[in-house]
Amino acid sequence: MTSRSDLKEASLRRILTAGASRLRAEGLSGAAIAPVMQDAGLTHGAFYAHFNNKDELAAAAFRFALLDNRPRWMGQARQESWPSRLLRLGKRYLATAHRDDLADSCALAALASDAARSNPGFKKVYEEELRKSLRALCIPPDEGSPIDPARLDDAIAFMALCVGGISLARAVDDPVFSGQILTVCRQAIQRMATPDHESPGNVEVPDHGKN
């Protein structure tokens, strides 16, 4: 027999899954209680067994989205150089498949503009999750060790190219221009990841894979 706590945990996961999908596709406005609960297949009243208000739902669903996004994007731990890591992840992120799949896309990009206009509470959550992603990108030796400052600077620049590039590519109507934005951002990551004496020139980074 399923215990009451198990049922409550299962209902929470359904709410968070529905909320995360709505946030990615619609931004903070998508975290309205009624549509999220409808998507979750639960009654409106069941919401209050887990959250006090819409703001709590938005923060929890955003964290849940990154809990899924982050390891899926980073992939399995592997032996690779720092430049190779940036190139691999940039290809996965700045891809047309990722651009076109809003409901399953990176929550950092989906919520960047909304977070800039949100309340301090959500901004704090956004910053915490961004810092987690930067740390995961930098792969420090262990959880408590500091990140190399130069590598962190690279990671911030890389993340700005990824989040900014995918956001601009989604914002324009012309598909050719949108694709050009993704290409240029991938090439910028390639230049950033390549030592000065090995200039990549105009070599295109293939667009494949899904975030």
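Residues numbered from 1 in each chain as written. Predicted model: local features only at pLDDT ≥ 70, side-chain atom pairs only at ≥ 80, totals over all residues. Heavy atoms only, no water.

Which parts of the structure should I look at to understand helix α4 (residues 82–93)?
Residues three or four positions apart in an α-helix share a direction because the helix packs 3.6 residues into each turn. Counted at 1.5 Å a residue, the expected span for α4 with its twelve residues is 16 Å, and the 16 Å between its end C-alpha atoms agrees. Among the residues making up α4, those that are buried are W82, R85, L86, R88, L89, G90 and Y93. In this structure, the buried side of α4 is in contact with α3 (54–74), α5 (96–100), α6 (107–116), α7 (120–138), α8 (149–171) and α9 (175–193). (Helix = DSSP H or I, 4+ residues; strand = E, 2+ residues; numbered from the N terminus. Expected span 1.5 Å × (residues − 1). Buried < 20%, exposed > 50% of the residue type's maximum accessible area, 1.4 Å probe, protein only. Contact = heavy atoms within 4.5 Å.)

Sorry, what's going on with the side chain of S118 here?
Residue placement: S118 occurs in the loop between α6 and α7. S118 sits in the buried class, given a relative accessible area of 17%. A polar atom in the side chain of S118 sits 2.8 Å from the backbone oxygen of A115. Those residues in contact with S118, other than ones at most four positions away along the chain, are L28 and K123. (Polar contact = N/O pair within 3.5 Å; in protein donor to acceptor, adjacent residues only side chain to side chain.)

What am I meant to see in the environment of K91 here?
Along the polypeptide, K91 turns up in helix α4. Counting along the chain gives 96 residues from K91 to Q187, while the straight-line C-alpha distance between them is 9.7 Å.

What exactly am I supposed to notice about the pattern of salt bridges here?
If charged atoms from side chains of opposite charge come close, those side chains can pair. With the rule as written, the count across this model stands at 14 salt bridges. Two residues, D68 and R24, come together in a salt bridge whose shortest N-O distance is 3.4 Å. In this pair, D68 sits in helix α3 while R24 sits in helix α1 (residues 4–26), placing the two residues 44 residues apart along the sequence. R99 is paired through a salt bridge with D100; the nearest N and O atoms lie 2.7 Å apart. Within this structure, R63, R70, E128, E129 and K132 form a network of salt bridges that share partners. (Salt bridge = Lys/Arg side-chain N within 4 Å of Asp/Glu carboxyl O.)

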